[in-house]
Structure formats: C-alpha cells, structure tokens
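Fold and geometry: a report
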Amino acid sequence: MNKEPLGLALGSDLAMGSATPAQASEEPVIHPDVLYAIDAVPGGTVIDAHTVVWPELGLELSVPSPDSRAVGSCATGSYCAYAGANRSGTKLSWATCTTVSTAALSTVGSIANARSSGTVQARKGASTVLGTAGPGATVNLPGGTTNLRCLL
C-alpha cells in the first residue's frame, strides 16, 4: 500500500482548511491484544485494528468490538481459545487438528470445541492437562495454559 499520496492529500486538505486536525490524525488504533500477539508469535499479518492472522499456522486472533453483544462465538468446525472465561474476550481460533501454542494470547480463560467429534485439551507444557472440551462444549480454565491439543 502506497501511503505517500494519502499523506500528500491530507496535507493539502489541511492547508486548504477542509480537514480538522482531529480528522487528519485519526488512524485506527491497533488493539493492545493484537500488538501483544504479533510480538509473541512472529509471522502474523494484521488484518485490521482487531484481527491478526497467521495463514501458515491456520490461526486467527480476533478482539471483540466493544459494541459487540455476542462475544466469543466459535465457528462450526473450529477450536477456539479465549482470553476470558465463558468464551469472552480476545479469541484465537483454528480448524486443523494439531497442537497449537497459545503464545498469541496473554492468558487463556476458556476453550471451545465447535466440532462434531473429538476433544481439545488445554495443557501446561507437554503433559499437564488443565481442561478438556468435547464436541460442542466449552470449558473455563485456571491460568497457565501454554498449548492446546486436539484429539480425534
């Protein structure tokens, strides 16, 4: 994306008085959870102020809008991890049955399994299971989740 023409256009508008200083300085503010995730997990692509994806990992992190009433929906066929309990807060989702790191989330408060079979485990390290969600289920978790593993 070439930002130079936009900068020139804004400068011209300001010089002619058609844009207020507040309008000229308004840029989307990237949510702190998105900034945290792109620092914690290299290779992510910021889609917008509330979303980052890692196509090669099959992951997406989305921060709910403060105006959103339904927070934490996990799409059919996906596994999801949420920063808050009861599927609330920032969501990390993936559809491939594998083990994924939760490093993109600063904390994991709940997980959801929106698949028709199998389970997803929240684990601390390689062997300590903190919680397991079966098909169509959600589980709240204690702190310490470092990875999530699906079992078909």
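See the structure printed just above.
Read on for a plain summary of the structure.

In spatial order, the strands read S1-S2-S3-S5-S4-S7-S10; together these seven strands make up an open sheet with antiparallel pairing. One side of each edge strand has no neighbouring strand; the edge strands of this open sheet are strand S1 (45–48) and strand S10 (137–140). Taken over all neighbouring pairs, the strand axes of this sheet differ in orientation by 20° on average, direction set aside. One ladder, built from five bridges, connects strand S4 (residues 79–84) with strand S5 (residues 88–94); its direction is antiparallel. Paired with Tyr-82 across the strands is Lys-91, a residue of S5. This element, helix H3 (residues 32–40), spans S1, strand S2 (51–54), strand S3 (59–62) and S5 of the sheet and lies at about 20° to S2.

This next bit is on the environment of Gly-84. Along the chain, Gly-84 turns up in strand S4. Separated by 56 residues in the primary sequence, Gly-84 and Asn-140 place their C-alpha atoms 8.4 Å from one another. Residues within four places of Gly-84 in sequence aside, it is in contact with Gly-109 and Ser-110.

What counts as what
Residues numbered from 1 in each chain as written. Predicted model: local features only at pLDDT ≥ 70, side-chain atom pairs only at ≥ 80, totals over all residues. Heavy atoms only, no water. Pairing = 2+ DSSP bridges. Helix = DSSP H or I, 4+ residues; strand = E, 2+ residues; numbered from the N terminus. Axes fitted to C-alpha atoms, helices over the stretch in contact; angles between N-to-C directions. Contact = heavy atoms within 4.5 Å.

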